[in-house]
Amino acid sequence: MTKLLEVENLHARIAGGRDILKGISLSVGAGEVHAIMGPNGAGKSTLSAVLAAKPGYDVTAGSISYGGADIADMAADERARKGIFLAFQYPVEIPGVNNTYFLRASVNAIRRERGEPDLDASQFLKLVKKKMSLLDIKDDLLKRAVNVGFSGGEKKRNEIFQMAMLEPKLAILDETDSGLDIDALRAVSDGVNKLRDPNRAIVMITHYQRLLDYIEPDFVHVLANGRIVASGDKSFARELEKTGYAHLERAA
Amino acid sequence: MSAHLETIGEIASGSGDRYKYGFVTDIESDTAPPGLSEDTVRFISAKKQEPKWLLEWRLKAYRRWQNMKQPDWGKLNIAPIDYQGATYYSAPKTAEGPKSLDEVDPEILKVYEKLGIPLGERAALAGVAVDAVFDSVSVATTFRSTLAAQGIIFCSFGEAVREHPELVQKYLGTVVPRGDNFFSTLNSAVFSDGSFAYIPPGVRCPMELSTYFRINQAKSGQFERTLLIADEGAYVSYLEGCTAPRRDENQLHAAVVELVALAGAEIKYSTVQNWYPGDANGAGGIYNFVTKRGICRGDGSKISWTQVETGSAITWKYPSCILEGDNSVGEFYSVAVTANHQQADTGTKMIHLGRNSKSTIISKGISAGHGQNTYRGAVKIMPGADGARNYTQCDSLLIGKTCGAHAIPYIDTRSPSARVEHEATASTISDEQLFYCLQRGLTPEESVSIIVNGFCKEVLKELPMEFAVEAQKLLVVSLEGSVG
Ligand SMILES: Nc1ncnc2c1ncn2[C@@H]1O[C@H](COP(=O)(O)OP(=O)(O)OP(=O)(O)O)[C@@H](O)[C@H]1O
Ligand SMILES: [Mg+2]
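Residues numbered from 1 in each chain as written. Chains lettered and ligands numbered in written order. Predicted model: local features only at pLDDT ≥ 70, side-chain atom pairs only at ≥ 80, totals over all residues. Heavy atoms only, no water.

1. Topic: the overall build of chain A
Next up, step 1: Secondary structure summary: chain A contains 10 helices and 10 strands in total.
Next up, step 2: A compact globule built from 252 residues would reach a C-alpha radius of gyration of about 18 Å, and chain A, at 18 Å, matches this within 12%.
Next up, step 3: C-alpha extents for chain A along the principal axes are approximately 55 × 40 × 35 Å.
Next up, step 4: Classification of the 252 residues of chain A by burial places 52% in the buried group.
Next up, step 5: Restricting to contacts in chain A with at least 6 residues of sequence separation, those with at least 24 account for 68%.
Next up, step 6: Here chain A has roughly 11,300 Å² of accessible surface; of this, 50% comes from carbon and sulfur atoms.
Next up, step 7: Counting 34 positive and 34 negative side-chain charges, chain A places the centres of these two groups 2 Å from one another. (Helix = DSSP H or I, 4+ residues; strand = E, 2+ residues; numbered from the N terminus. Rg over C-alpha atoms; globule rule 2.2 N^0.38 Å. Buried < 20%, exposed > 50% of the residue type's maximum accessible area, 1.4 Å probe, protein only. Contact = heavy atoms within 4.5 Å. Areas by Shrake-Rupley, 256 points an atom, 1.4 Å probe, with all protein chains shown as cover. Lys, Arg positive; Asp, Glu negative; His and termini not counted. Charge placed at Lys NZ, Arg CZ, Asp CG, Glu CD.)

2. Topic: the overall build of chain B
Next up, step 1: Within chain B one finds 11 helices and 23 strands.
Next up, step 2: Per-residue burial for chain B yields a buried fraction of 63% across its 484 residues.
Next up, step 3: The long-range share in chain B, meaning contacts at least 24 apart out of those at least 6 apart in sequence, stands at 83%.
Next up, step 4: Of the roughly 17,400 Å² of accessible surface on chain B, a fraction of 50% belongs to carbon and sulfur atoms.

3. Here we look at unusual backbone geometry
Negative phi characterises most residues that are not glycine, and trans characterises most peptide bonds.
All names here are of chain A.
Next up, step 1: Located in the positive-phi region is E167, a residue other than glycine, with phi close to 45°.
Next up, step 2: By secondary structure assignment, the location of E167 is in the loop between α6 (152-166) and β7 (170-174).
Next up, step 3: Residue classification places E167 among the partly exposed residues on the basis of a relative accessible area of 37%.
Next up, step 4: Residue E175 is not a glycine yet carries a positive backbone phi of 50°.
Next up, step 5: Of note, E175 is situated in the loop between β7 and α7 (182-195).

4. A few points about the coordination of the magnesium ion (ligand 2)
Residues and elements named next belong to chain A.
Next up, step 1: Binding of the magnesium ion (ligand 2) to the protein goes through S45 (OG) and Q89 (OE1), at separations of 2.0 to 2.3 Å. Linking S45 in helix α1 (residues 44-51) with Q89 in the loop between β6 (84-87) and α3 (99-113), this pair joins segments that are 44 residues apart in sequence.
Next up, step 2: Here S45 falls in the partly exposed class, since its relative accessible area comes to 30%.
Next up, step 3: Note on Q89: relative accessible area 17%, which makes it buried. (Donors = N, O, S within 2.8 Å, 3.2 Å for Na, K, Ca; no water.)

5. Some remarks on the environment of K110 of chain B
All names here are of chain B.
Next up, step 1: Relative to the helices and strands, K110 is located in helix α4 (residues 106-114).
Next up, step 2: Since its relative accessible area comes to 53%, K110 is described here as exposed.
Next up, step 3: Counting along the chain gives 43 residues from K110 to N67, while the straight-line C-alpha distance between them is 43 Å.

6. Describing the sheet that holds strand β3 (residues 33-37) of chain A
Residue and element names in this part refer to chain A.
Next up, step 1: As summarised here, the arrangement of the six strands in space is β6-β7-β8-β3-β9-β10, forming an open sheet in which the pairing is mixed. A strand with exactly one partner marks an edge of an open sheet, and here the two such strands are β6 and β10 (227-232). Strand-to-strand twist in this sheet, taken as the mean axis angle between neighbours without regard to direction, amounts to 20°.
Next up, step 2: Bridging between β3 and strand β9 (residues 219-224) involves four bridges; their strand directions are parallel. Its bridge partner being in β9, A35 is matched across the sheet by V220.
Next up, step 3: Where α6 meets the sheet, its contacts fall on β6, β7 and β8 (201-205), and the angle it forms with β6 comes to roughly 165°. (Pairing = 2+ DSSP bridges. Axes fitted to C-alpha atoms, helices over the stretch in contact; angles between N-to-C directions.)

7. Quick word on the interface of chain A and chain B
Next up, step 1: Counting from both sides, the interface comprises 32 residues of chain A and, opposite them, 18 residues of chain B.
Next up, step 2: Where chain A touches chain B, the interface holds three salt bridges.
Next up, step 3: Of the charged contacts, one joins E446 of chain B and R112 of chain A as a salt bridge, the two residues approaching to 3.7 Å between their closest N and O atoms.
Next up, step 4: Listed by contribution, the elements that provide at least two residues to the side of chain A that touches chain B are α2 (76-81), β6, α3 and α6 of chain A.
Next up, step 5: By residue number, the principal contributor to the side of chain A that touches chain B is α3 of chain A, which donates seven residues.
Next up, step 6: Of the residues belonging to the side of chain A that touches chain B, the class tally is 22 nonpolar, four polar and six charged. (Salt bridge = Lys/Arg side-chain N within 4 Å of Asp/Glu carboxyl O. Nonpolar A, V, L, I, M, F, W, Y, C, P; charged D, E, K, R; others polar.)

8. Quick look at the site of ligand 1
All names here are of chain A.
Next up, step 1: With respect to spatial proximity, 13 residues lie near ligand 1, and among them G41, K44, S45, T46 and H207 are the closest.
Next up, step 2: The contact in question runs from an oxygen atom of ligand 1 to an N or O atom on the side chain of N40, over 3.0 Å.
Next up, step 3: Contact distances for ligand 1 include 3.3 Å between an oxygen atom and a side-chain N or O atom of Q89.
Next up, step 4: When ligand 1 sits alone it has 640 Å² of accessible area, and the protein chains cover 55% of it.
Next up, step 5: Broken down by element, the residue count for the shell around ligand 1 peaks at three residues, all from α1.
Next up, step 6: Tallied by class, residues from the shell around ligand 1 come to four nonpolar, seven polar and two charged. (Near = heavy atom within 4 Å. Polar contact = N/O pair within 3.5 Å; in protein donor to acceptor, adjacent residues only side chain to side chain.)

9. Overview of the pairing of strand β1 (residues 5-14) of chain A
Residue and element names in this part refer to chain A.
Next up, step 1: Of the strand pairs in this sheet, β1 and strand β4 (residues 57-66) are connected by eight bridges, and their pairing is antiparallel. Bridge assignment links A12 to a residue of β4, and that residue is V59.
Next up, step 2: Between the antiparallel neighbours β1 and strand β2 (residues 19-28) lie four residues, among them G16 with a positive phi of about 90°.

10. Comments concerning the confidence of the model for chain B
Next up, step 1: Overall, the prediction assigns chain B a mean pLDDT of 84, with 81% of residues at 70 or greater.
Next up, step 2: Ignoring residues within four places in sequence, the model shows residues 1-16 of chain B, a span with pLDDT below 50, making 28 contacts including any to other chains. (pLDDT = per-residue confidence, 0-100.)

11. Focus: the layout of surface pockets
Next up, step 1: Considering only enclosed or pocket space, the largest pocket measures out at about 1,300 Å³ in volume.
Next up, step 2: Y101 of chain A together with I450, N453, V469 and Q472 of chain B are, among the 35 residues lining the largest pocket, the residues nearest its centre.
Next up, step 3: Listed by contribution, the elements that provide at least two residues to the lining of the largest pocket are α3 and α4 (121-134) of chain A together with α1 (3-13), α10 (444-460) and α11 (465-479) of chain B.
Next up, step 4: Of the residues that constitute the lining of the largest pocket, the class distribution is 17 nonpolar, 10 polar and eight charged. (1 Å grid on protein atoms, 1.4 Å probe; cavity = no way out; pocket = protein on both sides within 12 Å on 5 of 7 lines; lining within 4 Å. Points joined across faces, edges and corners; volume = space filled by probe spheres on them.)

12. Focus: the pairing of strand β14 (residues 302-309) of chain B
Residue and element names in this part refer to chain B.
Next up, step 1: By the criterion of burial, β14 is predominantly enclosed, with seven of the eight residues buried.
Next up, step 2: Two elements, strand β12 (residues 266-273) and β14, share eight bridges in a ladder whose sense is parallel. Among the inter-strand pairings, Q273 is bridged to a residue of β14, identified as E309.
Next up, step 3: Of the strand pairs in this sheet, β14 and strand β17 (residues 329-338) are connected by eight bridges, and their pairing is parallel. Of the residues in β17, the one forming a bridge with I303 is G330.

13. As for α6 of chain A
The periodicity of an α-helix, 3.6 residues per turn, causes residues three or four positions apart to be oriented the same way.
All names here are of chain A.
Next up, step 1: When the terminal C-alpha atoms of α6 are compared, their 21 Å separation across 15 residues agrees well with the 21 Å that a helix rising 1.5 Å per residue should span.
Next up, step 2: Of all 15 residues that make up α6, 14 are buried, and the element is covered over most of its length.
Next up, step 3: Just downstream of α6, E167 is the residue with a positive phi angle, here 45°. (Expected span 1.5 Å × (residues − 1).)

14. Structural notes on the nonpolar core
Next up, step 1: Among the nonpolar cores identified, the biggest contains 67 residues, and I24, I94, F102 and L170 of chain A together with I366 and V452 of chain B are the most heavily contacted of them.
Next up, step 2: When residues of this core are assigned to their parent elements, the largest contribution, eight residues, is made by α10 of chain B.
Next up, step 3: Sequence-distant contacts of V452 of chain B, defined by excluding residues within four places in its chain, comprise I366, L397, I399, I429 and L479 of chain B.
Next up, step 4: With 45 residues, the next largest nonpolar core counts L119, V128, M165 and L166 of chain A among its residues. (Core = buried A, V, L, I, M, F, W, Y, C linked by side-chain atoms within 4.5 Å.)

Structure follows, in structure tokens:
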């Protein structure tokens, strides 16, 4: 059976620069949770950007297949509508745009792609209420402009709330745990655990074992210097705590 | 959603050309021969059966105008205007004299319906009375009797001259003097029609008053004159909308608007300007050279201008407030879009005379394509305006690399206790913002539209609800094709 996501020998760079990803291979099946760890500057956020087709990046070799089809030519917005979701390491502010309004536009864009009718305001609010109970999110955040003036932790929570609303097939969480206090980390992790689903794959980028105590991954990978240099199961992360990355980088 | 908006929505979302109001209507018109002379002025005045004092007023303006020069201080590139080649009066043949709705030419009613402004009172926007100006004349005014019951006068300017000469004579030219500037003086000489409203003391006008301007005739200018008076303690909210057919030559629109707010009165004046902007290469389009000014004559009076300027080849206007009364308030909220080859030089003047007078200026300029967008604003605090305050915020958004945005604030403070604050920002739509929207499934067009509407939020929220929705759609349509 083909996996939900198959990345093969992926090389990519920021247009005009040198390769940042230098031959990534990764396969993620539906229902699985993968953790990606690795030193700063290794290329983890770059990988998530390339998977989401952020404009300005060039794939110079290799392939990405999603749901059994090569998606090289699929633009960012179409990938999003087809179920690829990225929780940003640094969510951007969009002044003047109401968070709820934005989310509704997004939900409806994705529903349209699936051939479902738009949600009207009251149906949408019902869904919001339901998903809000999954996560401990203040409805005050929903009345404000997208990410404007949100604290670091509030931004991360808002990302996971969006994930809950959009129900993606593949969710890539880029350092969602960074900047969260202890209670928020627990709340967000609980939320993500509730979103685990046999039809959904989750790829989490993190620097901390602590997150993996809450959200137990099926696989742990180390990305260093643009390549996946080692992989293992969840116990592998504990080993890394002790040994660090240096020996893996050297070996690779 | 009202019928009006649905129609506009359909027009706005239709495919093809981005200017959806560019159709021409074939209607028999009564048109003055091209050219401008004292005879033209007499012709117009006679057509409108005006009293002698008004003819004299026009002639004085005309004589003064002959010795004036078209100004060139705007940051604008204006092709020479052939004042002798234009037509200064054009009226649908069937529109002579005041009309009740069932007498209006069905062809004209159809035009307004197509524009999304049904004039039949049953079909009309609930709570909005409309004065429809077609080329040089007002063709219909709705809800007159409802308004009259409260003593509110809302009619065409021509009718006001006939029916309420004492009010017109008392206020005409008191805010924008007859010979104020080149274009307003030309207007004083040849103005054709426009709207007039008077709200009696203590009356809160129960519905939005609105004028819808339509230029149809080729080679004709439009020179309407609007005069609104809110007597002591009165309140009125007024809106104007404008469209014109798609034509290859530039057409001049030189209107004058005068607002008078007496003690404790409030006037809220909103404009959604969507004159034909010219084609993608900059051919054709309206020259929108308009003089708008209000005076807060009494204590505690307030005038608020809101404008959304998406159309016209060139927009050159500064809706201003003279804050004469103590504790009077002036506001200016503006969104100006210049896409393709459009140019705008717009802003406001706040002249503080009264003690503790207060003004707020929020200007949002959006430039795309080869558009050039200049904010020009003056804040003057005169001696004696103790405790006066102004806050100005002036933001520009640039889309693409070939457009321009400029801010030219003039500040002149002659009272030591005055406080003037000015903030300005210039930004582009960032790649990060765009990607964030795309990653949430929005198309590139939807993404830009959401970011642009967010940028304009503070201004759009000042518009009456129904018109805010229309304005949002217009913003999107006028920027179509500018991104990507
Ligand atoms: N816009 C850019 N311009 C130039 N270089 C960039 C840009 N974005 C990323 N890089 C470089 O690409 C490399 C990989 O960056 P990336 O953000 O993917 O790392 P990361 O693994 O996510 O690191 P961290 O753990 O610190 O988030 C780094 O050397 C970084 O400096
Ligand atoms: Mg990163």
